[in-house]
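# Structural features, examined
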Amino acid sequence: NLKEGIWKFKLYGKLVVNGQYYAWLPQRALLEENTKFLNPSQFTTLTIPSTAKDVISVAYYNQNNDTVVSTSGRGYTLDNSVKPDIAAGGVNAMVIGKDGKIESASGSSVATAIVTGLVSLILEWSIVLGNEKDISMSNLISYIIRGAKKRPGDNYPNKQWGYGMVNMEGIFDAIRGEYRIGNLFIRYAPKK
């Protein structure tokens, strides 16, 4: 029995730091047709846990034409940290459905699954194969960022793509270009 129309909210804070506040609506599919903010922002739409430190935040894009998808979360965080970290394709990906049949799926869950698989391969290389047994989350994210593919003409990092598009070959090229001798860390640029 909610009343239709324009609502106004009065906010009362127990501890006001700077007077700013942020609000989000649930996903469009969960809302009545005309529910919206009068002055929405298309940025800072990422929510917890994707805004946490040492968490890989994944945007998704249309891998068929390398364009941003309007429903992908956008950054940066409220404290101006760069998020999302990376973008992965997430439109009309072929997946195995509940009944075992191949079907098409789109969304951030598809892109996140792709990055999760990529992280698994990096962890296999580092821990299982013994190349960097003490890999940290910061190093793992750094490998992903350094290997990212960038669209010509875009500035990086940015609020839609983070540091660019995930690129497995670029990640392992970046990893091959560094090594350790005792406490000395050496990195060289791969040949182009």
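Rules and cut-offs
- Residues numbered from 1 in each chain as written.
- Predicted model: local features only at pLDDT ≥ 70, side-chain atom pairs only at ≥ 80, totals over all residues.
- Heavy atoms only, no water.
- Phe/Tyr/Trp six-rings, centres within 6.5 Å; stacked < 30°, edge-to-face > 60°.
- Helix = DSSP H or I, 4+ residues; strand = E, 2+ residues; numbered from the N terminus.
- Lys NZ or Arg CZ within 6 Å of the ring centre and 35° of its normal.
- Axes fitted to C-alpha atoms, helices over the stretch in contact; angles between N-to-C directions.
- Parallel < 35°, antiparallel > 145°, perpendicular 65-115°, else oblique.
- Left-handed = near helix turned anticlockwise from the far one by under 90°.
- Contact = heavy atoms within 4.5 Å.
- Nonpolar A, V, L, I, M, F, W, Y, C, P; charged D, E, K, R; others polar.
- Pairing = 2+ DSSP bridges.
- Patch = residues over 30% accessible without salt bridge, like charges linked within 9 Å, V, L, I, M, F, W, Y side chains within 5 Å.
- Areas by Shrake-Rupley, 256 points an atom, 1.4 Å probe, with all protein chains shown as cover.
- Salt bridge = Lys/Arg side-chain N within 4 Å of Asp/Glu carboxyl O.
- Buried < 20%, exposed > 50% of the residue type's maximum accessible area, 1.4 Å probe, protein only.

## Regarding the packing of aromatic side chains
This structure, assessed with the given rule, holds four aromatic pairs. Taking 6.4 Å as the distance between ring centres and 80° as the angle between the ring planes, the aromatic pair formed by tryptophan 125 and phenylalanine 172 counts as edge-to-face. On the criterion of sequence distance, the pair formed by tryptophan 125 in helix 1 (residues 108-128) and phenylalanine 172 in helix 3 (residues 168-176) is long-range, its members being 47 residues apart. Taken together, the ring pairs in this structure connect Trp125, Tyr143 and Phe172 into an aromatic cluster. In this structure, lysine 150 is placed above the aromatic ring of tyrosine 156, and the distance from its NZ or CZ to the ring centre is 5.4 Å.

## Let's talk about the packing of helix 1 against helix 3
Helix-helix packing is characterised by the crossing angle of the two axes and by the distance between the axes. Where helix 1 meets helix 3, the closest approach of the two axes is 11 Å, and the angle between their N-to-C directions is 25°. With respect to their mutual orientation, helix 1 and helix 3 come out roughly parallel. Relative to helix 3, helix 1 is oriented so that their crossing is right-handed. For the pair helix 1 and helix 3, contact is made by Leu118, Leu121, Ile122 and Trp125 and by Met168, Ile171, Phe172 and Ile175, respectively. Tallied by class, the residues present in the contact of helix 1 with helix 3 amount to eight nonpolar, no polar and no charged.

## Some thoughts on the packing of helix 1 against helix 2 (residues 137-146)
As a packed pair, helix 1 and helix 2 sit with axes 11 Å apart at the nearest point and diverge in direction by 120°. It follows that helix 1 is oblique to helix 2 by the angle criterion. Along this stretch, helix 1 crosses helix 2, giving a crossing that reads as right-handed. Contact residues: Leu118, Val119, Ile122, Leu123 and Trp125 in helix 1; Leu140, Tyr143 and Ile144 in helix 2. Considered class by class, the residues forming the contact of helix 1 with helix 2 number eight nonpolar, no polar and no charged.

## Notes on the sheet that holds strand 2 (residues 67-68)
Read across the open sheet, the three strands follow the order 2-1-3; overall the sheet is mixed. The open sheet has two free edges, formed respectively by strand 2 and strand 3 (86-89), since each of these has just one partner strand. Looking at chain direction, strand 1 (residues 58-62) and strand 3 are connected through four bridges and run parallel. Paired with tyrosine 61 across the two strands is glycine 89, which belongs to strand 3. Relative to the sheet, helix 1 contacts strand 1 and strand 3, its axis offset from that of strand 3 by approximately 105°.

## Section: the side chain of serine 50
Looking at the element boundaries, serine 50 is found in the segment before strand 1. In this structure, serine 50 is in contact with Val55, Ser57 and Lys83, ignoring residues within four places of it in sequence.

## A closer look at a nonpolar patch on the surface
A contiguous nonpolar surface patch, about 690 Å² in accessible area, is contributed by Leu2, Trp7, Phe9, Leu11 and Tyr21. Within the fold, leucine 11 resides in the segment before strand 1. Owing to a relative accessible area of 54%, leucine 11 belongs among the exposed residues under this scheme.

Honestly, that's just the spatial picture; any functional story needs more than this.
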